[in-house]
Each structure stands twice: as structure tokens, then as C-alpha cells.
Amino acid sequence: MYAFPRIEIPQRAIDAARASGTTPDNMYALSLLEATGLCVVPASGFGQAEGRFGFRTTFLPSEEELEVAVTKFADHHAAFCATWASDAELVA
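What you see is a predicted model, and the numbers here were worked out from it, not measured in a lab. (Residues numbered from 1 in each chain as written. Predicted model: local features only at pLDDT ≥ 70, side-chain atom pairs only at ≥ 80, totals over all residues. Heavy atoms only, no water.)

**Side note on the overall build of the protein chain**
We count it as follows: Numbering of helices and strands runs from the N terminus; a helix is a DSSP stretch of H or I covering at least four residues, while a strand is a stretch of E covering at least two. Relative accessibility under 20% of the residue-type maximum defines a buried residue, over 50% an exposed one, and the middle range a partly exposed one, all with a 1.4 Å probe and only protein chains included. In this analysis, two residues are considered to be in contact whenever any of their non-hydrogen atoms come within 4.5 Å of each other.
In terms of regular secondary structure, the protein chain is built from 4 helices and 3 strands. Of the regular secondary structure in the protein chain, the N- to C-terminal order runs β-α-α-β-β-α-α. Considered along the principal axes of its C-alpha atoms, the protein chain spans approximately 40 × 30 × 20 Å. Relative to its 92 residues, the protein chain shows a buried fraction of 32%. By sequence separation, contacts in the protein chain at least 24 residues apart represent 66% of the contacts at least 6 residues apart.

**Regarding the pattern of salt bridges**
Applicable threshold: The rule for a salt bridge is simple: a side-chain nitrogen of Lys or Arg has to be within 4 Å of a carboxyl oxygen of Asp or Glu.
For the coordinates displayed, the defined rule picks out 2 salt bridges. In this structure, Glu 8 and Arg 6 form a salt bridge, with 3.6 Å as the shortest nitrogen-oxygen distance. Assigned by exposure class, Glu 8 and Arg 6 land together as exposed. Between Glu 50 and Arg 18 there is a salt bridge, with its nearest N and O atoms 3.7 Å apart. Of this pair, Glu 50 sits in the loop between strand E2 (41-42) and strand E3 (55-58) while Arg 18 sits in helix H1 (residues 11-19), and the two are 32 residues apart along the sequence. Overall, the relative accessible area of 72% leaves Glu 50 in the exposed class.

The following block contains the structure:
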């Protein structure tokens, strides 16, 4: 499977990534790798439009492994967003 999803990243995470000299999607990809062992390539390396964040990934898992991977992606994304959400984003 080849995927190039767009992801929403909280503004606080965007600001923190830029302050540390990296791109928001690189910060996200490293977080995903550290938390789940899933390795993706930040989309910023592919000339994305300003404000678009995402990653590329390629894998050919069995159906069972695909379900596990998708669950890991979803759980990580929820935790990442909860960690970096501003008070206004939490209310919305």
C-alpha cells in the first residue's frame, strides 16, 4: 500500500517544531516512530503547499497487520493532537 495522507497538526506543535528548527511533519514523523515503531517520510521533503502537512508511507501488510497499523496511526494521532492542542482547540 502506498499512502500520502494529509494530517492536521495543532498550531502549538507547528510553532514548537519551527522554534526547534524542524518542520511540523518531521516532528510528527519522529513522534510516530518513537511511539509506535511506524516509519514514515515527512511530506515537507516533497515540496508541499504552504500549510499542508502529511507523510508518505509504503507497506504491504496482511489484513491483520493493516488493522494493527491503522490503529497505531489513529491512536498516535489522537495522542499527539491532545498533547499539543491549545485551550481553544480543546474546546472546538
